[in-house]
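# Coordinates in review
Chain residues, written in single-letter form:
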Amino acid sequence: MKLSTHIKKLALCTALAFTVSAGVMTTHDAEAKDLRGWNIHVEDYPNSIALDAFIADVAAKTDGRIKGKVFHGGVLGSQPDAIEQVRLGAIDFANFNLGPMGQVVPETNVVSLPFIFKSIPDMYKVMDGAGGAAIAEGMAKKGIVAIGWFDSGARSFYTSQRAINTPDDVKGLKVRVMNNDLFVGMIEAMGGNATPMAFGEVFQSLKTGVVDGAENNPPSYESTNHFEVAQFYSLSEHLIIPECLCISKKTWDTWSEADQKIVMEAGKAATAKQRELWQAREKASMEKVAAGGVKVNTIADKGPFQDAMGPVYDKYLAANPEMKSLVDLITSSQ
Ligand code: BDP
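Residues numbered from 1 in each chain as written. Predicted model: local features only at pLDDT ≥ 70, side-chain atom pairs only at ≥ 80, totals over all residues. Heavy atoms only, no water.

### Quick notes on the nonpolar core
- In this structure, Phe96, Leu98 and Met139 are the most contacted members of the largest nonpolar core, which totals 57 residues.
- If one sorts the elements of this core by residue count, helix H6 (residues 181-188) sits on top with 5 residues.
- If you count residues domain by domain, this core takes at least three from each of domain 1 (34-152 + 241-282) and domain 2 (155-240 + 283-332).
- When near neighbours in sequence (up to four residues on either side) are disregarded, Met139 contacts Leu98, Met101, Val105, Thr108, Ile144, Ala146, Trp149, Cys244 and Cys246.
- Counting residues in each nonpolar core, the second largest holds 19 residues, with Leu35, Leu51, Val70 and Val263 among its members. (Core = buried A, V, L, I, M, F, W, Y, C linked by side-chain atoms within 4.5 Å. Buried < 20%, exposed > 50% of the residue type's maximum accessible area, 1.4 Å probe, protein only. Helix = DSSP H or I, 4+ residues; strand = E, 2+ residues; numbered from the N terminus. Domains from an automatic or database assignment. Contact = heavy atoms within 4.5 Å.)

Written as C-alpha cells, this is what we have:
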C-alpha cells in the first residue's frame, strides 16, 4: 500500500478512535487490516503461545489500530520462503530460528557456528547485549526488524539405529539439517551425510529411512513426534541458536513512532513469556519422550565434538573474514 494511503488510513483511525473515546461509536477498528503472523510450530508450543499473546497485546494497546492473526503449523510455507515474504511485507511478523536466515542475513550465521555459546545463560547475555544488537542491525538492513530473542534451547542428535557418543558415531549416517551450508559442513566434519530439508518433511523421512537421524531441541523433538521414529536422543548440545520475534520492515515503517514503541514493548513482554514457558516445556518434553520409550544418553565429554568443529570455523572465517570481529565479540563476552 502507498505511504500516502496509509497516512490517510492512520488519520482516519485516529479520528475514529477519538469518536469512540467520546462514546459515540462502538467499533473503531473496521479500517485496520489483519496482520499475518508466520509460525512453524503447533499451537501449544511456547513460541506459539507467546506470538498469540504478542499480537493480542498489541491490538489491546493500540485500540485495534494494529491487530492480526498468527498462522501456526507452517501453513504459510517453509521458513526460507517465509523470510522472503517478511522482507516483501506479504507476511507482517514471524518467529524465525536464526539458523536458516544465514543465506539472507550474514550476521546471523555467527550464531549457527557449533558450540559458539557455552551455555543458555551465555546466549541470553550475548543476545541481550552488543552481539544481539549487531545481529539485529544486519537483519534491519535486509528488511527484518527484530524486537525480541526467543530461547530455542540446545540442539542434540536423535537417531533411529544407535546412540551417538563420539563424533565417529556420526560417520556414515544420513542426518537431516536445517537449510544452511554451515550445518552441512558440521555433519560432514564428522563424516556424516547431511540432508537439508524442511521441518515439516522430517517425520516422514525418519519414518521411511530417507534419513537416519536429525537434530533438535527437546520441545521440537517431542512436539513433532520425531521421538516416535528416532528413539536414541544423544545430548550433544552442539548448537544453541536463538530465534527472533520479528516484524517486516515494510509493515513497521507504516506505523507511528508511538505505535512502534507499543509493538516493541509488547515484543519484550512476549519474549519474557516465551523464555519462561520454554524452560517448563523443555522439562515436560524430556519427560514425555522418556515415557515414550526414548533412550537418552548424556555426553560427558563434548571435547571431541568441539575439536571436530575446528575445520567448520576455519572454513567459515576464511570465506567471511568480516565476521571475525563479531565471532570474537561473542566468544569474549562469555
Ligand atoms: C526448531 C525451530 C524451528 C525450525 C526447526 C527445524 O524452532 O524454527 O524450523 O527447529 O529444525 O527448533 O527446522
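There's plenty left to go through after this.
### Things to note about the site of the ligand
- The environment of the ligand is formed by 13 residues, the closest being His41, Arg155, Arg176, Asn216 and Glu243.
- In this structure, an oxygen atom belonging to the ligand sits 2.9 Å away from a side-chain N or O atom of Arg155.
- Burial of the ligand by the protein chains amounts to 98% of its free accessible area of 320 Å².
- Both domains that meet at the shell around the ligand, namely domain 1 (34-152 + 241-282) and domain 2 (155-240 + 283-332), each give it at least three residues. (Near = heavy atom within 4 Å. Polar contact = N/O pair within 3.5 Å; in protein donor to acceptor, adjacent residues only side chain to side chain. Areas by Shrake-Rupley, 256 points an atom, 1.4 Å probe, with all protein chains shown as cover.)

### Side note on the domain arrangement of the chain
- Segmenting the chain into domains produces domain 1 (34-152 + 241-282) and domain 2 (155-240 + 283-332).
- For domain 1 versus domain 2, the separation of C-alpha centres amounts to 23 Å.
- Across the domain 1/domain 2 interface, buried area totals approximately 3200 Å², and carbon plus sulfur atoms make up 68% of it.
- The tally of links between domain 1 and domain 2 comes to 1 salt bridge. (Buried area = accessible area lost by both parts, 1.4 Å probe. Salt bridge = Lys/Arg side-chain N within 4 Å of Asp/Glu carboxyl O.)

### Looking at the pairing of strand E1 (residues 34-38)
- Across 5 bridges, the pairing between E1 and strand E2 (residues 67-71) is parallel. Across the sheet, residue Gly37 finds its bridge partner in E2, namely Val70.
- The parallel pair E1 and E2 is bridged by helix H2 (residues 46-61), and the resulting crossover is right-handed.
- Pairing analysis gives 2 bridges linking E1 to strand E3 (residues 93-97), with the strands arranged parallel. (Pairing = 2+ DSSP bridges. Right-handed = clockwise from strand over helix to strand, strands pointing away.)

### Here we look at unusual backbone geometry
- Its identity as a non-glycine residue notwithstanding, Asp63 has a phi of 50°, on the positive side.
- Inspection of the secondary structure puts Asp63 in the loop between H2 and E2.
- Phi is positive for Asn225, close to 65°, though the residue is something other than glycine.
- The topology assignment puts Asn225 in the loop between helix H8 (218-223) and helix H9 (226-229).

### So, the sheet that holds E3
- The strand order across the open sheet formed by 5 strands is E2-E1-E3-E10-E4, and the pairing between neighbours is mixed. The two strands at the open ends of the sheet, each matched to only one other strand, are E2 and strand E4 (144-150). The average angle at which neighbouring strand axes cross in this sheet is 25°, direction not considered.
- The strands touched by H2 within the sheet are E1, E2, E3, E4 and strand E10 (243-248), with E2 carrying the most contacts at an inclination of about 170°. (Axes fitted to C-alpha atoms, helices over the stretch in contact; angles between N-to-C directions.)

### Looking at the environment of Asp44
- For Asp44, the location among the structural elements is in the loop between E1 and H2.
- With relative accessibility at 48%, the residue Asp44 sits in the partly exposed group.
- Between the C-alpha atoms of Asp44 and His72, which are 28 residues apart in sequence, the distance is 9.7 Å.
- Other than its neighbours up to four places away in sequence, Asp44 contacts Ile49 and Arg281.

### A few points about the packing of aromatic side chains
- For the structure shown, the criterion picks out 8 aromatic pairs.
- Each ring, one from Tyr45 and one from Trp278, has its centre 5.9 Å from the other, and the planes form 70°; the classification is edge-to-face. Note that Tyr45 is positioned in the loop between E1 and H2 and Trp278 in helix H11 (residues 257-291), a separation of 233 residues in sequence.
- According to the relative accessible area criterion, Trp278 is buried, its value standing at 0%. (Phe/Tyr/Trp six-rings, centres within 6.5 Å; stacked < 30°, edge-to-face > 60°.)

### A closer look at H6
- Taken as a whole, H6 has its buried residues at Leu182, Phe183, Val184, Met186 and Ile187.
- Close packing links the buried residues of H6 with strand E5 (155-159), strand E6 (174-177), strand E7 (193-196), strand E8 (213-216), strand E9 (232-239) and helix H13 (310-319).
- The N-cap of H6, judged by a side-chain oxygen 2.9 Å from the amide nitrogen of Leu182 a few residues on, is Asn180.

### Topic: H2
- End to end, H2 covers 22 Å across 16 residues, agreeing with the expected 22 Å (1.5 Å per residue, within 8%).
- Pro46, Asn47, Ser48, Ala50, Leu51, Phe54, Ile55, Asp57, Val58 and Ala59 are the residues of H2 that are buried.
- Looking one or two residues beyond H2, the residue adopting positive phi is Asp63, at roughly 50°. (Expected span 1.5 Å × (residues − 1).)

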